[in-house]
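Survey of secondary and tertiary structure
What follows is the residue order along each chain.
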Amino acid sequence: MKRFSVVTAAFAVASAFSLTSCSTPKGVRATASTISASHSFSGIELPQLKKSSVTSLSLKTISDQITPTAANPAMDLAVGTTLRAKFAAIMQVTPQLLTNNSLYRFIDSWLGTPYRMGGTTHKGIDCSAFVQQLYASVFSTNLVRTAIEQFGMAKRLFDHDSLKEGDLVFFRTVSSRISHVGVYITNNFFVHSCSSKGVTVSSLDEKYWSRTYAGAGRIM
């Protein structure tokens, strides 16, 4: 059977958004990633992607692109039956680096859920409630409810390079106060509930998130 490429050469990205408490500035566009090398995973060649300068992604579009179909069993084998392959493509790493299956099952079950201030369900959820539920489900840890309370609860991380999976990342999006929170995953990507896209994965390298980044913390 011929081997199929897991990742297409370009990702779908958001075209433009109004500046809100956790949205991308109007006019910002993400650039396509380029394939640089391939790595083997379960007998299938998986490309490793170069880091792009702006990498906030439309995950629903990507998910739709790699959804398995009966007419394409090789695609089903390569990516449709493994969340690791799916999120590895999104975050531009090899699947072997993603070992926390419960984390990716949780994220996948919430992707695309709309943002709703004060919301706590799949009908709509805000950033801190999403983080709170992720920690309860994945790490069996109870967090306080709001972003600023979670900031106060976390141990400060001053070295950006020391960030690990599960660390909290905080932002000042509307004022000098902490107003947004997400959970760091890997390769500078974090998952959060954003007003413009709902639950999604974004990059700390994106201009808006880099500018509003307030620091990180670890729940001990």
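Summary of the structure given here.

Rules behind the numbers
Residues numbered from 1 in each chain as written. Predicted model: local features only at pLDDT ≥ 70, side-chain atom pairs only at ≥ 80, totals over all residues. Heavy atoms only, no water. Pairing = 2+ DSSP bridges. Helix = DSSP H or I, 4+ residues; strand = E, 2+ residues; numbered from the N terminus. Axes fitted to C-alpha atoms, helices over the stretch in contact; angles between N-to-C directions. Contact = heavy atoms within 4.5 Å.

Now for the sheet that holds strand S8 (residues 189-194). Sheet architecture is open: six strands sit in the order S5-S10-S6-S7-S8-S9, paired in antiparallel fashion. A single partner strand is all that each edge strand has here, and the edge strands are strand S5 (155-157) and strand S9 (198-203). Direction aside, the axes of adjacent strands within the sheet are offset by 35 degrees on average. Where S5 lies against strand S10 (residues 213-218), three bridges are found, and the strand directions are antiparallel. Residue pairing for S10: lysine 155 is matched across the bridge by arginine 218. Contacts from helix H5 (residues 127-138) reach strand S6 (168-171), strand S7 (180-186), S8 and S9 within the one sheet, and its direction differs from that of S7 by about 45 degrees.

Let us look at the environment of serine 195. With respect to the secondary-structure elements, serine 195 resides in the loop between S8 and S9. Each C-alpha atom of the pair serine 195 and methionine 117 lies 8.5 Å from the other, and the pair is 78 residues apart in sequence.

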